[in-house]
Amino acid sequence: MEPEPEHVASSISLASYARLIGANRNFRRLWLAQIVSEIGDWFYTLSIYTLLLQLTGHAGSVALALVLQVLPQTLAGPTAGVVNDRLKRKHVMIAADLVRFVIVLAMLFVRSRSTVWLVYPLLVAETTMAAFFEPARSAAIPNLAESGEVLVANTLSSATWSVNLLIGASVGGVVAAFLGRDAAFILNALSFLASAFLIAGMRFREPHAEAAAPLRPRDLVDFSPVMEGISYIRSHPALVPAVFAKAGELMVGPSWVLFTVMGAREFAVHGRGISPAGGAMLGMSILLGGRGVGALVGPLISARWAGRDDHRLRLGILFGYLTIALGYGLIGVSRTVWMAAACAMLAHAGGSTVWVFSTTLLQLRTDDRFRGRVFSADLGLASLSFATTAYLCGRFLDIGVPVRAMATGTGLFMLIPAGLLAWVLRGNYADRKSETG
């Protein structure tokens, strides 16, 4: 049975987050796993992108890396959705973490320009594992938390992601600049082991797996369950805007290319003992730090306003799009790295709100047996959007489009999904008015 909608806005206080962590052992372990693995991921991301830019000299290499970090999530999405709706999601997460431990360690073999090609297949493999892990984590949260705690859990996860970005971007930049990239790779690999250990200690019911038939090898290429998931979404129109919301964040893909190139060419940090490569990483770290602050405060503020009201959650996604457009428009005219970081903070306050609100809508409105497929579709559509826009951004930069013009253009481009969502919400409002009139 589909969960009944909640339309009453309830205030979310700061104490709600402390209660969730303190009283819910299973969520606490999942939260701690998120902390250790994501901090390691930021160490890793800084090292990969600056390594590619240094060895190849092309923004397109960074764009290609991002494509390979997200596009496999689209391609693997149908299979990941079936697996996550047939097997225990806890086991899926543990397996994905263990495989990623091995993959990240293999990055140590990338030593020179002649071996840089190894980065690309390893990124594909690591991202494929993320395509199984992330939908499993999102789909499991309603099994760990009460319905009234779901928005709290998602907001806390988003805030944690942001703090991890702040720590990982700042500390990771310093570690890589002074200790070398190998240290960042080793720390990230160990973080996946720690995550698997924490998740292994979780104990919770997974009704979808208890009722599902055993998974057979041929089921991995049987897409009839995927078609069932598509039919489920189509038969629940309220889910459609939420499924496409993350794909509408057209700045996510370009942001990695823009911040990497701006950090190296516009906002590199100069100082005694800092090499050019280290200065580029520190410049990128400051921009990512601004992004992290915005992603932290955005949902914490907006969740208190939205509560659990469906209409406010959808309206918050629209406001998030408009905030992204403004922030990226201003990044293009920023004259200092600190001004650019402040604009990134504004933009990603909106971006994080879009992410949290759309995730919450999907979790509360999707039946458990379809949740893995719905979140795989959600992640797959977003990944396709991120990969496409990142690739285009890299290509435009390599043919000579100024990086500042690309940043401003990204902000203007965000007005497209904002306009589409405003049109959808206006239609929904007119329909409700006619029904009550």
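No experiment lies behind these values; they were computed from the predicted model shown.

### What to know about the overall build of the protein chain
When its secondary structure is counted, the protein chain shows 18 helices and 0 strands. Split into buried and exposed, the 437 residues of the protein chain put 58% on the buried side. Partitioning the intrachain contacts of the protein chain with sequence separation of at least 6 by distance along the chain shows that 87% fall at a separation of at least 24.

### A short note on the packing of helix α15 (residues 337-365) against helix α16 (residues 371-398)
Packing of α15 against α16 leaves a shortest axis separation of 10 Å and a crossing angle of 155°. Looking at the two axes, α15 sits roughly antiparallel to α16. The crossing of α15 and α16 is right-handed. In this structure, α15 contributes W355, T359, L362 and Q363 to the contact, and α16 contributes R371, V374, F375, D378 and F386. Considering only residue class, the contact of α15 with α16 consists of 5 nonpolar, 2 polar and 2 charged.

### Topic: the confidence of the model for the protein chain
Counting all residues, the mean pLDDT for the protein chain is 81, and 87% of those residues have values of 70 or more. Of the regions scoring below 50 in pLDDT, residues 1-10 engages in 27 contacts with residues more than four places distant in sequence or in other chains.

### Overview of helix α12 (residues 252-265)
Given 3.6 residues to a turn, an α-helix orients residues that are three or four positions apart in the same direction. Under the 1.5 Å per step criterion, the end-to-end length of α12 is 20 Å for 14 residues, consistent within 8% with the ideal 20 Å. When you tally the buried positions in α12, you get 12 out of 14 residues, the bulk of the element. Within α12, the full set of buried residues consists of V252, G253, P254, S255, W256, V257, L258, F259, T260, V261, M262 and G263.

### Quick notes on the nonpolar core
Ranked by size, the top nonpolar core spans 119 residues in total, and within it I48 and Y321 carry the most contacts. With 13 residues, the single largest contributor to this core is helix α2 (residues 25-56). Not counting chain neighbours up to four residues away, the residues in contact with Y321 comprise F244, A245, G248, E249, V354, M414, P417, A418 and L421.

### Considerations on the side chain of T359
Its place among the elements puts T359 in helix α15. Of the residues examined, T359 reaches a relative accessible area of 7% and is grouped as buried. Looking at T359, its side chain comes within polar contact range of the main-chain oxygen of W355, at 2.8 Å. Look past the residues within four positions of T359 in its chain and what remains in contact with it is N154, K246 and F375.

### Considering the pattern of salt bridges
When the charged atoms of two side chains lie near each other, side chains of opposite charge can form a pair. This model, assessed by the stated rule, comprises 7 salt bridges. Across the pair R404 and E266 runs a salt bridge, and its minimum N-O distance is 3.2 Å. You can see R404 sitting in helix α17 (residues 403-413) and its partner E266 sitting in the loop between α12 and α13 (276-306), a full 138 residues away along the chain. Here R404 falls in the buried class, since its relative accessible area comes to 17%.

### Describing the side chain of E38
Tracing the backbone shows E38 in helix α2. Of the side chains with opposite charge, R137 comes closest to the buried, unpaired E38, at an N-O distance of 4.9 Å. Discounting chain neighbours no more than four positions away, the residues touching E38 are T160, W161 and N164.

### Focus on helix α8 (residues 181-200)
Under the 1.5 Å per step criterion, the end-to-end length of α8 is 29 Å for 20 residues, consistent within 8% with the ideal 28 Å. Listing the buried residues of α8 in full gives R181, A184, F185, N188, A189, S191, F192, S195, A196, L198 and I199.

### Points about the environment of G332
If you trace the backbone, G332 turns up in the loop between α14 (310-331) and α15. Taking the C-alpha atoms as reference points, G332 and G409, separated by 77 residues in sequence, lie 8.4 Å from one another. Other than its neighbours up to four places away in sequence, G332 contacts R404, A407 and T408.

### Details of the packing of helix α4 (residues 77-86) against helix α6 (residues 119-144)
Interhelical geometry of α4 versus α6 gives an angle of 45° and a closest axis separation of 9 Å. What the angle tells us is that α4 and α6 run oblique. When the axes of α4 and α6 are compared, the crossing they make is right-handed. On α6, the residues that touch T79, A80, V83 and N84 of α4 are A131, F132, P135 and A136. Split into classes, the residues belonging to the contact of α4 with α6 amount to 6 nonpolar, 2 polar and no charged.

### With respect to the environment of G409
Within the fold, G409 resides in helix α17. The spatial distance from the C-alpha of G409 to the C-alpha of A325 is 9.2 Å, given a sequence separation of 84 residues.

### Some words on a nonpolar patch on the surface
A contiguous nonpolar patch, built from W305, F319, L322, L412 and L415 and spanning about 490 Å² of accessible area, is present on the exposed surface. Here W305 is to be found in helix α13. Owing to a relative accessible area of 34%, W305 belongs among the partly exposed residues under this scheme.

### Topic: the packing of aromatic side chains
Across all of its chains, the model carries 4 aromatic pairs by this definition. On the numbers, 6.3 Å between centres and 45° between planes, the contact of W305 with F319 is tilted. Here W305 is found in helix α13, whereas its partner F319 is found in helix α14, with 14 residues between them in sequence. A centroid spacing of 6.5 Å and a plane angle of 25° characterise the contact between W355 and F386, whose relative ring orientation is stacked. With W355 in helix α15 and F386 in helix α16, this residue pair connects regions lying 31 residues apart in the sequence. Residue classification places W355 among the partly exposed positions, given a relative accessible area of 35%. Sitting above the plane of the F133 ring, R100 keeps its charged end 4.8 Å from the centroid. For K246, the ring lying beneath its charged end belongs to W355, and the centroid distance is 5.1 Å.

What counts as what
- Residues numbered from 1 in each chain as written.
- Predicted model: local features only at pLDDT ≥ 70, side-chain atom pairs only at ≥ 80, totals over all residues.
- Heavy atoms only, no water.
- Helix = DSSP H or I, 4+ residues; strand = E, 2+ residues; numbered from the N terminus.
- Buried < 20%, exposed > 50% of the residue type's maximum accessible area, 1.4 Å probe, protein only.
- Contact = heavy atoms within 4.5 Å.
- Axes fitted to C-alpha atoms, helices over the stretch in contact; angles between N-to-C directions.
- Parallel < 35°, antiparallel > 145°, perpendicular 65-115°, else oblique.
- Left-handed = near helix turned anticlockwise from the far one by under 90°.
- Nonpolar A, V, L, I, M, F, W, Y, C, P; charged D, E, K, R; others polar.
- pLDDT = per-residue confidence, 0-100.
- Expected span 1.5 Å × (residues − 1).
- Core = buried A, V, L, I, M, F, W, Y, C linked by side-chain atoms within 4.5 Å.
- Polar contact = N/O pair within 3.5 Å; in protein donor to acceptor, adjacent residues only side chain to side chain.
- Salt bridge = Lys/Arg side-chain N within 4 Å of Asp/Glu carboxyl O.
- Lys, Arg positive; Asp, Glu negative; His and termini not counted.
- Patch = residues over 30% accessible without salt bridge, like charges linked within 9 Å, V, L, I, M, F, W, Y side chains within 5 Å.
- Areas by Shrake-Rupley, 256 points an atom, 1.4 Å probe, with all protein chains shown as cover.
- Phe/Tyr/Trp six-rings, centres within 6.5 Å; stacked < 30°, edge-to-face > 60°.
- Lys NZ or Arg CZ within 6 Å of the ring centre and 35° of its normal.

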